[in-house]
Amino acid sequence: MPDSTMDVKQCGYDVKEGLQTFSHIDEIESILQERFQDFSFQTLKDMPHPRELHNNMEAGLMVCQSILRNEKIVIVGDYDTDGICATSIMLDFFEQLSYNNVAFAMPNRFVHGYGFSTTLFHEILREHGDVKVIITVDNGVSSFQAGELCREHDIRLIITDHHTLEVDSNKNQKVPYCDFMINPQQIQCNFSYSDICGSLVAWYFCCAIKINMQTLCSDSSTLFRSLKENTKDCSLHYRQIQKLTYFYLSNLNAIRMESFLLLVGIATIADVMPLNAINHTICKYALKHIPNSKRYAFQALMENLRCSIDSQALGFRIIPLLNAAGRISDGKIALSFLRANSLASARFYLKQLKGLNIQRKHLQDEVTNKAFESITQIPQNENMLCAVGDDWHEGVLGIVAGKMADEFQKPCFVLTNINGVCKGSGRSCGNVDLISSMQQIGHLMQRYGGHVGAVGLELKDCNLKSFIKSFKPIAHNIEKKENVLGILSSHLISYELFLCIASFEPYGNGNPLPKFLCEMEILECKKTGQGFSEFHFKHTENSTIKGMFFNQKYADYNFLSGTKLQFRATITLDSQNNYFYNTRLNTHNQQIMLVIDRIYGL
């Protein structure tokens with residue numbers, strides 16, 4: 001490496017060109033504030049009413065009538081973070097209502113496959129032969145066969161989901177048999193925000209149940225007539241109705257629906273939902289209240305993480321733990337963690353999740369190496385990349401697809417071939433609407449589903465070549481966010497700047513964490529035990545600042561002391577060293593550091 005400033009001209013252009021050089025923190029604050037100027041609301045009280053979700057209130061009424069008849073209700077969840085959080089929300093709601101005739105079913109990736117499948121339906125029937133109502137959360141739009149089985153067995157089915165619906169040859173949306181579908185992606189739905197997670201749909205459904213239940217319970221005679229009109233044989237007598245309504249009404253008044261939004265916030269970030277007005281407001285509320293939550297799972301996390309809870313902590317430390325259960329073993333472990341009824345129990349399940357996450361990392365590295373090698377061995381499409389192997393671990397395919405998409409800047413699919421059937425995941429890149437792109441070639445697949453940025457799919461290996469050849473990306477309109485906010489002078493890198501940036505949390509899809517172009521002198525560079533590069537830069541005359549480069553590709557690169565390094569970085573707190581001593585000011589300040597994601601000139 002040269003001993004002068006590294007060259008920032010990449011591919012014929014200067015990365016500094018067109019970038020603002022910041023001279024004051026107020027300039028950065030003003031740019032970040034502009035991202036929220038079009039938000040229609042910024043408080044929970046302004047959230048859309050539950051009636052705005054198509055079928056929501058009607059389905060809620062049906063569940064209320066089932067509750068008053070004491071009918072068995074089964075919640076069918078999913079094994080990712082969104083599905084686990086949605087399942088927990090529904091079960092916790094019924095528990096606080098004190099309705100006990102409720103059970104849940106969660107598919108195991110390796111036994112049932114994804115979602116509400118026929119295999120899972122028959123398992124539910126064996127374990128809960130008296131089931132009268134099935135409610136799916138974060139899945140169901142592709143459950144055509146299971147829906148028909150519900151019809152055959154006279155089981156009422158309510159689908160709550162947020163995934164894109166399949167379409168027929170005429171581009172009309174296909175809906176599985178069900179009594180009600182609650183999904184903001186339905187063409188009939190006029191809900192203000194279509195891109196919300198499955199947990200928020202489940203939360204809105206619980207709101208609808210609560211509202212309907214309060215209305216019914218306020219007038220026993222009206223409720224009695226309603227039940228008589230909607231059943232052939234109402235075994236409940238008027239006195240029983242009065243007793244039940246008094247019981248449930250007292251419980252309903254004690255349920256705080258906003259408490260469930262902590263789980264919704266986690267699910268929103270986990271599913272990479274755009275941080276628009278509703279999503280950003282919910283996530284901001286969640287980040288604020290998670291540290292002081294009475295939920296034992298959050299208490300166990302707080303004592304274990306020993307760091308502030310922000311979007312980065314959720315995305316890189318908490319959500320991977322919750323996902324690890326479904327990826328490696330069974331999502332029920334994460335559900336048990338979230339619903340732990342004691343701190344000891346929460347600690348027990350957290351220990352399991354941490355162990356599963358370590359396994360996940362090892363498997364992920366193994367499959368990543370194989371996937372990158374496999375793309376050179378099969379003909380590819382210039383619009384995408386597809387890696388296929390035999391008996392790769394299914395639980396990490398989505399993560400590997402995401403890594404490939406980041407590396408190659410195009411949609412990527414990673415599939416495992418098991419007995420002639422290729423199944424796996426795809427991840428989008430840029431402005432490619434992945435689910436719309438898949439709908440064009442849906443006839444080649446046995447099943448598929450997902451949303452704009454991520455899909456799951458299954459197809460016979462004889463259709464693999466046609467799938468790769470036929471894939472054509474469909475673009476969707478997204479607001480382009482800058483990769484670099486501007487050029488940051490070293491004197492602005494401070495705890496005050498960190499606080500300014502933190503005030504616009506949460507960051508994620510639609511509100512990216514600010515990245516800055518920096519140029520600083522290297523005083524020292526050393527390698528960590530994990531193979532990362534740890535820099536110490538000259539900050540002021542009497543202070544230094546740490547920078548971490550978590551890219552093992554350059555682990556053996558020789559960064560020389562005295563070199564001015566030009567790089568792109570974000571600003572965060574140093575979790576390993578929370579304080580630093582400034583010899584000039586003779587005061588203790590919160591220790592900040594730079595997280596480098598790109599070095600120019602390499």
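Numbers given to residues run from 1 along each chain, matching the order in which its sequence is written. Only residues with pLDDT of 70 or above have their local features reported here, since the model is predicted, and side-chain atom pairs are shown and tallied only from 80 upward, although totals for entire chains, interfaces and linings are computed over all residues. Side-chain figures throughout are based on the complete set of non-hydrogen atoms in the structure, without hydrogens or water.

As annotated in an unreviewed UniProt entry, the protein is Single-stranded-DNA-specific exonuclease RecJ from Helicobacter trogontum.

## Things to note about the overall build of the protein
Secondary structure summary: the protein contains 18 helices and 21 strands in total. Residue exposure (1.4 Å probe, protein chains only): buried if accessible area is under 20% of the type maximum, exposed if over 50%, otherwise partly exposed. Here the protein holds 602 residues, and the buried ones make up 54% of them. Should any heavy atoms of two residues lie within 4.5 Å, those residues are considered in contact. A separation threshold of at least 6 residues defines the contact pool for the protein, and within that pool the share at least 24 residues apart is 69%. Carbon and sulfur atoms provide 46% of the accessible area of the protein, an area that totals close to 27,400 Å². Each helix is a run of H or I in the DSSP string that is no shorter than four residues. Each strand is a run of E no shorter than two, and both are numbered from the N terminus. For every accessible area listed, the method is Shrake-Rupley and the probe measures 1.4 Å; residues are considered covered only by the protein chains on display.

## A closer look at the sheet that holds strand β8 (residues 180-182)
Within the open sheet, the five strands sit side by side as β5-β4-β6-β7-β8. Their pairing is parallel. Each edge of the open sheet is held by one strand with a lone partner, namely β5 (102-105) and β8. Shown here is a sheet whose adjacent strand axes are inclined to one another by a mean of 20°, direction ignored. By definition, two strands form a pair when at least two bridges between them are found by DSSP. Interaxial angles span 0 to 180 degrees and are taken between N-to-C directions of axes, which are lines fitted to C-alpha atoms, for helices over the stretch in contact.

## Quick notes on the nonpolar core
Throughout, nonpolar core names a set of buried Ala, Val, Leu, Ile, Met, Phe, Trp, Tyr and Cys residues whose side chains join them through atoms within 4.5 Å. Ile67, Ile73, Phe94, Leu200, Trp203, Ile278 and Phe337 are the most contacted members of the largest nonpolar core, which has 92 residues in total. If near-sequence neighbours (up to four positions away) are discounted, Trp203 is found in contact with Met47, Ile89, Met257, Phe260, Leu261 and Val264. Within the second largest apolar cluster, 33 residues are counted, among which are Phe36, Tyr507, Met520 and Ile545.

## Structural notes on the packing of helix α3 (residues 81-97) against helix α6 (residues 198-217)
Contact pair α3 / α6: the axes reach a minimum separation of 8 Å and the direction vectors enclose 15°. Relative to α6, α3 is oriented roughly parallel. By crossing handedness, the relation of α3 to α6 is classed as right-handed. Across from Asp82, Cys85, Ala86, Ile89, Met90, Phe93 and Phe94 in α3, the residues of α6 making contact are Gly198, Ser199, Ala202, Trp203, Phe205, Cys206, Ile209 and Lys210. Looking at the contact of α3 with α6, its residues break down into eleven nonpolar, two polar and two charged. When describing relative orientation, an angle under 35 degrees is termed roughly parallel and one over 145 degrees roughly antiparallel, while 65 to 115 degrees is termed roughly perpendicular and anything else oblique. Left-handed describes a crossing whose near helix is turned anticlockwise from the far helix through less than a right angle; right-handed describes the clockwise counterpart. Each residue receives one of three labels: charged for Asp, Glu, Lys and Arg, nonpolar for Ala, Val, Leu, Ile, Met, Phe, Trp, Tyr, Cys and Pro, and polar for the others, Gly being one of them.

## A few points about the pattern of salt bridges
Salt bridge, as used here, is a side-chain nitrogen of Lys or Arg placed within 4 Å of a carboxyl oxygen of Asp or Glu. A complete count under the given rule lists 15 salt bridges for this structure. Across the pair Arg568 and Asp597 runs a salt bridge, and its minimum N-O distance is 3.0 Å. Here the residue Arg568 occupies a position in strand β18 (residues 564-573), and Asp597 occupies one in strand β21 (residues 592-599), the gap between them amounting to 29 residues. What makes Arg568 buried here is its relative accessible area of 12%.

## Some points on the sheet that holds strand β12 (residues 447-450)
On the basis of which strands lie adjacent, the open sheet formed by five strands has the order β9-β10-β11-β13-β12 and mixed pairing. Sheet topology places β9 (385-390) and β12 at the edges, where each strand pairs with a single neighbour. On average, each strand axis in the sheet is inclined to that of its neighbour by 15°, with strand direction left out of account. As paired strands, β9 and strand β10 (residues 412-418) are joined by six bridges and run parallel to one another. Bridged to Val388 within β10 is Leu415. Seen against the sheet, helix α15 (residues 397-408) touches β9, β10 and β11 (421-427) and runs at an angle of roughly 50° to β11.

## Here we look at the packing of aromatic side chains
Stacked, edge-to-face and tilted are the three classes for Phe, Tyr and Trp ring pairs, Trp counted by its six-membered ring, which pair at centre distances within 6.5 Å; planes under 30 degrees apart are stacked, over 60 edge-to-face, the rest tilted. Evaluation of the coordinates by the stated rule reveals 18 aromatic pairs. Centroid distance Phe537 to Phe567: 5.1 Å. Interplanar angle 15°. Geometry classified as stacked. Here Phe567 lies in strand β18 and Phe537 lies in strand β16 (residues 533-540), a separation of 30 residues in the sequence. Phe567 carries the same exposure label as Phe537, and that label is buried. Aromatic rings pair up to connect Phe535, Phe537, Tyr557, Phe559 and Phe567 into one cluster. Seen from the ring of Phe144, Lys174 lies directly overhead, with NZ or CZ sitting 5.3 Å from the centre. Criterion for a charge above a ring: Lys NZ or Arg CZ within 6 Å of the ring centre, and within 35 degrees of the ring normal.

## Observations regarding unusual backbone geometry
In this structure, the amide linkage connecting Glu505 to the following residue, Pro506, adopts the cis form with an omega of 0°. Within the secondary structure layout, Pro506 lies in the loop between α18 (495-502) and β15 (516-527). A positive phi angle, near 75°, is found at Asn55, a position not held by glycine. Inspection of the secondary structure assignment puts Asn55 in the loop between α1 (25-34) and α2 (56-68). On the basis of relative accessibility, which here comes to 17%, the residue Asn55 falls in the buried class. Of note in this structure, Val272 is not a glycine but carries a positive phi near 55°. By secondary structure assignment, the location of Val272 is in the loop between α9 (261-270) and α10 (277-289).

## Things to note about the environment of Phe372
Tracing the backbone through its elements, the reader meets Phe372 in helix α14 (residues 343-374). The exposure class assigned to Phe372 is partly exposed, which follows from its relative accessible area of 27%. When the C-alpha atoms of Phe372 and Lys403 are compared, they prove to be 9.9 Å apart, with 31 residues separating the residues in sequence. In this view, Phe372 contacts Met404, Glu407 and Phe408; residues no more than four positions away in its chain are not counted.

## A short note on the side chain of Thr528
As for its position among the elements, Thr528 is in the loop between β15 and β16. When neighbours within four sequence positions are excluded, Thr528 is seen to be in contact with Glu534 and Met548.

## Looking at the pairing of β16
The buried count for β16 comes to six of eight residues, which makes it a mostly enclosed element. Judged from the five bridges that link them, β15 and β16 form a sheet pairing that is antiparallel. The residue bridging Glu524 from the neighbouring strand is His536, located in β16. Where β15 folds back on β16, the antiparallel hairpin that results is connected by five residues, among which Gly531 adopts a positive phi of roughly 90°. Bridge count for β16 against strand β17 (residues 543-549) is seven bridges, and the pairing is antiparallel. Within β17, the residue paired with Phe535 across the bridge is Gly547. The hairpin formed by β16 and β17 contains two residues between the paired strands.

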